[in-house]
Amino acid sequence: EPNAILPAAALAYFAFGFFYEVKNTDQYLLQIEQTSEGAVRMEALQKEFSALAAEAMVVGKKTVTSLSTTAKIAVETGKDLNTKYDKFTE
């Protein structure tokens with residue numbers, strides 16, 4: 001069974017470098033700061049995710065409407081078949 005920890009750790013390490021940098025100062029041994037490029041990248045990701053979320057909401061509403069219509073049709077078909085079966089067995 002493959003171990004997913006090492007690839008996940010490598011991905012996290014490389015992703016961290018796109019947004020933050022580690023500095024050594026006199027006051028702190030390891031000081032983590034977000035770079036200006038990282039702030040721009042973070043803002044771009046947030047915009048993309050909010051656009052995707054809005055699109056997912058639209059698609060989700062359409063899917064719910066479609067499934068609701070399909071369920072209504074299935075219920076009506078079942079009732080119709082039940083009525084026809086009752087008439088046939090009489």
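For the structure, see preceding data.
A brief look at the structure comes next. (Residues numbered from 1 in each chain as written. Predicted model: local features only at pLDDT ≥ 70, side-chain atom pairs only at ≥ 80, totals over all residues. Heavy atoms only, no water.)

Moving on: the overall build of the protein chain. Looking only at helices and strands, the protein chain features two helices and two strands. Helices (α) and strands (β) of the protein chain occur, in sequence order from the N terminus, as α-β-β-α. A compact globule built from 90 residues should have a C-alpha radius of gyration of about 12 Å, whereas the protein chain, at 28 Å, is more than 25% larger. Summarising its shape, the C-alpha atoms of the protein chain cover approximately 95 × 35 × 20 Å along the three principal directions. The buried share of the protein chain, reckoned over its 90 residues, is 3%. If you take every contact in the protein chain between residues at least 6 apart in sequence, the share linking residues at least 24 apart comes to 3%. Surface exposure of the protein chain reaches about 8,200 Å², of which carbon and sulfur atoms provide 64%. Side chains of the protein chain carry 9 positive and 12 negative charges; the gap between the two charge centres is 12 Å. (Helix = DSSP H or I, 4+ residues; strand = E, 2+ residues; numbered from the N terminus. Rg over C-alpha atoms; globule rule 2.2 N^0.38 Å. Buried < 20%, exposed > 50% of the residue type's maximum accessible area, 1.4 Å probe, protein only. Contact = heavy atoms within 4.5 Å. Areas by Shrake-Rupley, 256 points an atom, 1.4 Å probe, with all protein chains shown as cover. Lys, Arg positive; Asp, Glu negative; His and termini not counted. Charge placed at Lys NZ, Arg CZ, Asp CG, Glu CD.)

Throughout the structure, instances matching the rule amount to five salt bridges. Across the pair Lys23 and Glu33 runs a salt bridge, and its minimum N-O distance is 3.0 Å. Taken as a pair, Lys23 in strand E1 (residues 20–23) and Glu33 in strand E2 (residues 31–34) lie far apart in primary sequence, ten residues in all. Given the relative accessible area of 32%, Lys23 is considered partly exposed. A network of salt bridges, in which partner residues are shared, links Glu21, Lys23 and Glu33. (Salt bridge = Lys/Arg side-chain N within 4 Å of Asp/Glu carboxyl O.)

Let us now look at the packing of aromatic side chains. Scanning the entire structure with this criterion turns up two aromatic pairs. Between Phe16 and Tyr20, the aromatic rings sit 5.3 Å apart at their centres with planes inclined by 25 degrees, giving stacked as the arrangement. Given a relative accessible area of 30%, Tyr20 falls into the partly exposed group. (Phe/Tyr/Trp six-rings, centres within 6.5 Å; stacked < 30°, edge-to-face > 60°.)

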